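So the chains spell out like this:
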Amino acid sequence: MTVLVTGGAGYIGAHVVRLLQERGDSVVVVDDLSSGIAEHVGSAALVHLDLSTQEAVDKLEGILNEYSVDAVIHIAAKKQVGESAERPAWYYAQNVGGFSHLLQAMQNAGVDKMMFSSSAATYGLPNLPPGQLLTEDTAPNPISPYGETKLVCEWMMRAAGKAWGLRGVGLRYFNVAGAGWPELGDPAVMNLIPIALKALTSGRQPVIFGQDYPTEDGTCIRDYIHVLDLAEAHLKALDYLGRDDRPYDIFNVGTGTGSSVLDVLKQLAASTGYDLQPTIAGRRPGDPAALVADVSRIQDVLGWKFTRGLAEMTDSAWEAWAPVHGAPAVLPASAG
Ligand code: UFG
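Residues numbered from 1 in each chain as written. Predicted model: local features only at pLDDT ≥ 70, side-chain atom pairs only at ≥ 80, totals over all residues. Heavy atoms only, no water.

Student: What is the right way to read unusual backbone geometry from this model?
Tutor: The phi dihedral of Leu33 is positive, around 55°, even though this residue is not glycine. Positionally, Leu33 belongs in the loop between strand E2 (26-31) and strand E3 (45-48). Owing to a relative accessible area of 28%, Leu33 belongs among the partly exposed residues under this scheme. Phi angles above zero are rare outside glycine, and Ser68 is one such case at about 50°. (Helix = DSSP H or I, 4+ residues; strand = E, 2+ residues; numbered from the N terminus. Buried < 20%, exposed > 50% of the residue type's maximum accessible area, 1.4 Å probe, protein only.)

So this is what it looks like as structure tokens:
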């Protein structure tokens, strides 16, 4: 099978590309290289293209035809929640505009299979009783333009299914972490683990945003998923598109288990050997106390389950981080 992966040079995309290549699929990557790294696509063909530009429809149609693409995995998107609140029009142009161009090109070229990277950000601040998991039927209620764009794209995918028979499936990612290979670590410093690694290797202590949440240790709980497990879910989702019985088009991808910010930082201290004495700061606006996925649908229907836990995420994140960003020769305190 030949697969077009948009955003295939990025952190998650590069893991998907590598797994596809390992199983013998041909891969073409389209990426604007705004955050992706060209070397990370391996032997895949790489086309440098911003999907939101006017010329994108014709260019994409040409690529789909030239490489006889069978299916598209659409990962390319802007993903910074805070930035999306500052530049909503640009986020819509990038994420929804790019998606619209891709759909048009797929329809023109007669490519009818799409796997779309959605996000738990579509749920927003769910009003659930403590301990209750988020199912795909929990009402979406995004609280950021970023989350809105992901939800709109899910709707567009569904509408294209009705209008011209697109076979679409969306994966709602929870909190992605770790590295499947040390050279494919997350190059951005936007989420808890990279931010904490940056602090620790710069001689600072990580900051916890709020320890007064209604959780066991008072810090926010999230569902952390290893990027390689997530990438494997993409392959399962792609295979699902070949099935005639497809009862659902949206799946959560998580572990079904929550970890608090403190849990993550303790695990990171164990992985790195750093002494951990985090600073407690005030709450970050827009953070729900707990977001944990119900993963029964993806387990039952796609036959996918996570196999890597938090320790593998922090260990692999550290293995990827240390060679690039350097670690002091002598680690503070608990280092051996
Ligand atoms: N946090 C800290 N200190 C930091 C950074 C983060 O305490 O220095 C906390 C946050 O307050 C939050 C948790 O760590 O409670 C995780 O924060 P991240 O910024 O890593 O991730 P978010 O849960 O805010 O969001 C991430 C992605 C979104 C996605 C969401 C899905 O960035 O795109 O997971 O759950 F939608």
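Student: Whenever I open this one, the sheet that holds E3 confuses me. Can you help?
Tutor: The strands that make up a sheet are held in pairs by hydrogen bonds between backbone atoms, and each pair lies either parallel or antiparallel. Across the sheet, 7 strands lie side by side as E3-E2-E1-E4-E5-E6-E11; this open sheet has parallel pairing. One side of each edge strand has no neighbouring strand; the edge strands of this open sheet are E3 and strand E11 (250-253). Direction aside, the axes of adjacent strands within the sheet are offset by 20° on average. Sheet topology note: the strand E1 (residues 2-6)/strand E4 (residues 71-74) ladder contains 4 bridges and is parallel. Residue pairing across strands places Val5 opposite Ile73, the latter belonging to E4. The strands that helix H7 (residues 227-240) touches are E1, E4, strand E5 (113-119), strand E6 (167-173) and E11; relative to E6, the one it contacts most, it runs at about 160°. (Pairing = 2+ DSSP bridges. Axes fitted to C-alpha atoms, helices over the stretch in contact; angles between N-to-C directions. Contact = heavy atoms within 4.5 Å.)

Student: Help me out: how do you make sense of the pattern of salt bridges in this one?
Tutor: Proximity of charged atoms lets side chains of opposite charge pair with each other. Throughout the structure, instances matching the rule amount to 16 salt bridges. Asp32 is paired through a salt bridge with Lys78; the nearest N and O atoms lie 3.7 Å apart. Here the residue Asp32 occupies a position in the loop between E2 and E3, and Lys78 occupies one in the loop between E4 and helix H3 (81-86), the gap between them amounting to 46 residues. Among the charged side chains, a network of salt bridges with common partners joins Arg23, Asp25 and Asp239. (Salt bridge = Lys/Arg side-chain N within 4 Å of Asp/Glu carboxyl O.)

Student: Whenever I open this one, the site of the ligand confuses me. Can you help?
Tutor: Around the ligand lies a shell of 19 residues, among which Ser119, Asn175, Val207, Arg284 and Asp287 are the nearest. Protein chains shield 89% of the accessible area of the ligand, which is 690 Å² for the free molecule. Elements that contribute at least two residues to the shell around the ligand include exactly helix H6 (192-201) and strand E8 (207-209). By residue number, the principal contributor to the shell around the ligand is E8, which donates 3 residues. (Near = heavy atom within 4 Å. Areas by Shrake-Rupley, 256 points an atom, 1.4 Å probe, with all protein chains shown as cover.)

Student: Which parts of the structure should I look at to understand the domain arrangement of the chain?
Tutor: In many reports, interface size means the accessible area that the parts give up when they come together. Here the chain is described as being made up of domain 1 (2-176 + 224-253) and domain 2 (178-223 + 256-335). When each unit is reduced to the centre of its C-alpha atoms, the spacing between domain 1 and domain 2 is 24 Å. Of the roughly 3,700 Å² buried at the junction of domain 1 and domain 2 (both faces included), carbon and sulfur atoms supply 65%. The interface formed by domain 1 and domain 2 includes 5 salt bridges. Note that Glu136 is salt-bridged to Arg297, the shortest N-O span being 3.9 Å. At the surface where domain 1 touches domain 2, the tally comes to 16 residue pairs in polar contact (both at pLDDT 80 or more). Of all the elements in the fold, those that place two or more residues in the side of domain 1 that touches domain 2 are helix H1 (11-22), strand E10 (224-226), H7 and E11. (Domains from an automatic or database assignment. Buried area = accessible area lost by both parts, 1.4 Å probe. Polar contact = N/O pair within 3.5 Å; in protein donor to acceptor, adjacent residues only side chain to side chain.)

Student: Any chance you could explain the pairing of E6 here in plain terms?
Tutor: As a general feature of sheets, a regular strand has side chains that alternate between the two faces. Counted residue by residue, E6 has 7 buried out of 7 residues, so it is predominantly covered. Residues of E6 alternate between two faces, with Arg167, Val169, Leu171 and Tyr173 on one and Gly168, Gly170 and Arg172 on the opposite face, all of them buried. Where E5 meets E6, 7 bridges bridge the pair, whose relative direction is parallel. Bridge pairing in E6 places Ser119 opposite Tyr173. You can see the chain leave E5, run along helix H5 (residues 145-164) and come back into E6, and the turn it takes is right-handed. Examined bridge by bridge, E6 and E11 share 4 bridges and lie parallel to one another. When the bridges of E11 are listed, Arg172 appears paired with Asn252. (Right-handed = clockwise from strand over helix to strand, strands pointing away.)

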